[in-house]
Amino acid sequence: MNKNQYRAFTLIELLVVIAIIALLLSILMPSLSAIKQQAQKTVCMTNLVQMGALFTLYAEDNDDLFFTGYYRYTAPDGTVRQSTSSDIWPYVMQPYYENPDLKFCPSARSPYNRHYAERSSWGDQKDEIFSGSYGLNGWICNPPEDIPDIEGHDTKKHWRTISPEYNRSQIPLMADA
């Protein structure tokens, strides 16, 4: 045999190498998936912390009061008073953040779809501002003082302000919706 000739791999040797690589990948994939999930949880928590800071900034800019929020009230005489879309938190808070993805958990699938579909659990696919996957605690708003209840709930119980009388760290602001 000539010293300059190279010996080629046989088909069996190639199949063994491919099988070893496949085995190593099957061992690594679950750990990579767990790492990805942990990273998504971290980003999700960071988004929620940032939203809490944004709500605090908004309140501090507005005499420690939260926004009006959604309300619909039917007075005893039958007249209906209702908030406008500009009173709802995604519109009110929009000047306080630049990236609309802040309102989405990274484990949510794709942006700006209608209710319960894909990434957005609420909102409108045509309206980037009014969509997201985090939900606001419904008791956090500052409805008009002359409205006694919203859908049967006493408005005096709403968390209207960030004043020190409340233990802010014990009241949930937002959650993954």
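The present account deals with the structure reproduced in this document.

Thresholds, definitions, all that
Residues numbered from 1 in each chain as written. Predicted model: local features only at pLDDT ≥ 70, side-chain atom pairs only at ≥ 80, totals over all residues. Heavy atoms only, no water. Helix = DSSP H or I, 4+ residues; strand = E, 2+ residues; numbered from the N terminus. Buried < 20%, exposed > 50% of the residue type's maximum accessible area, 1.4 Å probe, protein only. Contact = heavy atoms within 4.5 Å. Areas by Shrake-Rupley, 256 points an atom, 1.4 Å probe, with all protein chains shown as cover. 1 Å grid on protein atoms, 1.4 Å probe; cavity = no way out; pocket = protein on both sides within 12 Å on 5 of 7 lines; lining within 4 Å. Points joined across faces, edges and corners; volume = space filled by probe spheres on them. Nonpolar A, V, L, I, M, F, W, Y, C, P; charged D, E, K, R; others polar. Phe/Tyr/Trp six-rings, centres within 6.5 Å; stacked < 30°, edge-to-face > 60°.

Observations concerning the overall build of the protein chain
So, step 1. Looking only at helices and strands, the protein chain has two helices and eight strands in total.
So, step 2. Along the chain direction, N to C, the helices and strands of the protein chain fall in the order α-β-β-α-β-β-β-β-β-β.
So, step 3. By residue count, 32% of the 177 residues in the protein chain fall in the buried class.
So, step 4. By sequence separation, contacts in the protein chain at least 24 residues apart represent 55% of the contacts at least 6 residues apart.
So, step 5. In the structure as shown, the protein chain presents an accessible area of about 12,000 Å², 57% of it carried by carbon and sulfur atoms.

Here we look at the layout of surface pockets
So, step 1. A volume near 280 Å³ is recorded for the largest pocket.
So, step 2. Along the wall of the largest pocket there are 15 residues; nearest its centre are Tyr70, Gly138, Trp139, Cys141 and His158.
So, step 3. The residue inventory of the lining of the largest pocket, partitioned by class, reads nine nonpolar, five polar and one charged.

Notes on the side chain of Ser83
So, step 1. Mapped onto the secondary structure, Ser83 falls in the loop between strand E2 (80-82) and helix H2 (89-93).
So, step 2. Judged by its relative accessible area of 11%, Ser83 falls in the buried class.
So, step 3. Excluding residues that lie within four positions of it along the chain, Ser83 makes contacts with Gly69, Tyr70 and Tyr71.

Observations concerning the packing of aromatic side chains
So, step 1. Counted by the stated rule, this structure contains six aromatic pairs.
So, step 2. Consider the rings of Phe55 and Trp89, whose centres lie 5.9 Å apart with planes at 50°: the pair is tilted. Separated by 34 residues along the polypeptide, Phe55 in helix H1 (residues 11-61) and Trp89 in helix H2 bring together distant segments of the chain.
So, step 3. By relative accessible area, which is 1% here, Phe55 ends up buried.
So, step 4. With a relative accessible area of 8%, Trp89 lands in the buried category.
So, step 5. Considering the side-chain rings of Phe66 and Phe67, the 6.5 Å spacing of their centres and the 70° angle between planes classify their relative orientation as edge-to-face. For the residue pair Phe66 and Phe67, the accessibility class agrees, reading buried in each case.
So, step 6. In textbook terms, an aromatic cluster arises when at least three aromatic residues are bridged by ring pairs, as seen for Phe55, Tyr58, Phe66, Phe67, Trp89, Tyr96 and Trp159.

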